[in-house]
Amino acid sequence: MLENIFLLLGAVALFLYSLKLLGEGVSEIAGEKMKSFVSASTSNRCGACLAGLISTAVAQSSVATNMIVIAFVKKGIINFIAASAVIMGTNIGTTVTAQLVSLSSVSQFNVIALGSFIAFLGFVFSLSKSELLKRVAKALIGFGFLFMGIELLTQVVEKFKGYAWFTALFLVKNPLLLLLNGFIITAVLQSSSVVTSVMIVLAELSLLNFSNASFIILGANIGTCLPVIFASLSMGKESVKCSIFNITFNIIGSLIFILPLILLGNEIQSIKIFSSSVGRSIANFHTLFNFTVCIILLPFLKPVCKLVERFTEFLYNDKNAERTQKIFFNGKISLKRR
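Worth saying up front: this structure is predicted, and the values here are computed from it rather than measured.

Each value, and the rule that gives it
- Residues numbered from 1 in each chain as written.
- Predicted model: local features only at pLDDT ≥ 70, side-chain atom pairs only at ≥ 80, totals over all residues.
- Heavy atoms only, no water.
- Helix = DSSP H or I, 4+ residues; strand = E, 2+ residues; numbered from the N terminus.
- Buried < 20%, exposed > 50% of the residue type's maximum accessible area, 1.4 Å probe, protein only.
- Contact = heavy atoms within 4.5 Å.
- Areas by Shrake-Rupley, 256 points an atom, 1.4 Å probe, with all protein chains shown as cover.
- Core = buried A, V, L, I, M, F, W, Y, C linked by side-chain atoms within 4.5 Å.
- Phe/Tyr/Trp six-rings, centres within 6.5 Å; stacked < 30°, edge-to-face > 60°.
- pLDDT = per-residue confidence, 0-100.

Participant: What exactly am I supposed to notice about the overall build of the chain here?
Facilitator: Broken down by element type, the chain carries 16 helices and zero strands. Taking all 338 residues of the chain together, the buried fraction comes to 51%. Within the chain, contacts between residues at least 6 apart in sequence are counted, and of these 77% link residues at least 24 apart. As displayed, the chain offers around 16,000 Å² of accessible surface, 67% of which is attributable to carbon and sulfur atoms.

Next comes the structure, spelled out in structure tokens:
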């Protein structure tokens, strides 16, 4: 068991490191262009949302896009409403990773061979004296490691089939408990991409059905916001507002989807938008969840932003700030007005 746990930790580390390398490589290649693209696209809500989607899908990092947005809000380049629209787009962009994992699970081509070739190509480029090629190399190595990480994750998760405690996390029948499991696991791993990918792998191994995976994904979408909220507390009010909007988006989305999932469960998979492959169905649900919530909330963006601003003002009230400091941070992080 200990060996398998070590292997699982290594697989998760490789997966996360590949996303980090890919994001850094793309950001270094098109960092300034990405900033200009985000800034220029925020004149209307739909454009801002699309900018967030494309930037996150390309860079494979919602954190990078969100940090650009927060910096723009702080400098007054864009307002909070435009920033919120971009954040909504980033939530859709993060689903690209799950789509890649699900595609690899049904692919007839050896995914680890493809990843190895791409990573080797990146290594060759890294030997060049050209700064541009070195940046491309980082992106290629990250992309190659991503496929290798997916394959390693698949092989390692299969080793846990015999452990009752592992499968019990995902096979309980209580929807709220499944949602809570997704929330906790994602808050610990700090990556909804990893959790969603593991769900797809478990489903392809017949260890998880569509309904259970869907509830876990709802919790994962909320859980991935938690570390960002705590990190933003030391970065100023505008950063806090953006992180609170992100978790509000996912909580509202979970409330919208939880009742249909409870009533219909696995029957949802029979809808044509989903695939006959349960892994592909889970990836499609992940994308559909974020896309649908975005479409529903986009017309009501102003009132939702007003609600978030009022809640942030409440947090930054001097008395509430001091109370929060004492309870959670022992005075290390200040929430007072700056």
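Following the structure, the description resumes.
Participant: Mind showing me how you'd approach the nonpolar core here?
Facilitator: The nonpolar side chains of soluble globular proteins are, as a tendency, buried together. Ranked by size, the top nonpolar core spans 77 residues in total, and within it Met88, Val157, Met199, Leu202, Leu218, Phe245 and Ile282 carry the most contacts. Excluding residues that lie within four positions of it along the chain, Ile282 makes contacts with Met199, Ile200, Ala203, Phe210, Ala213 and Ile217.

Participant: Looking at this structure, how should I read the packing of aromatic side chains?
Facilitator: Ring pairs (aromatic) are described by centroid distance and by the angle formed between their planes. Under the definition given, this model contains five aromatic pairs. When the centroid spacing of 5.9 Å and the interplanar angle of 80 degrees are considered together, the rings of Phe210 and Phe285 count as edge-to-face. Placement of the pair is Phe210 in helix α11 (residues 210–223) and Phe285 in helix α14 (residues 278–297), with a sequence separation of 75 residues. Neither Phe210 nor Phe285 differs from the other in exposure class; each is buried.

Participant: Help me out: how do you make sense of the confidence of the model for the chain in this one?
Facilitator: Caution applies to low-pLDDT parts of the model: their predicted coordinates are not meant to be read in detail. Averaged over the chain, the pLDDT score is 78; the fraction of residues at 70 or greater is 79%. Within the model, pLDDT remains below 50 along residues 331–338, and this stretch shows 23 contacts once partners closer than five positions in the same chain are excluded.

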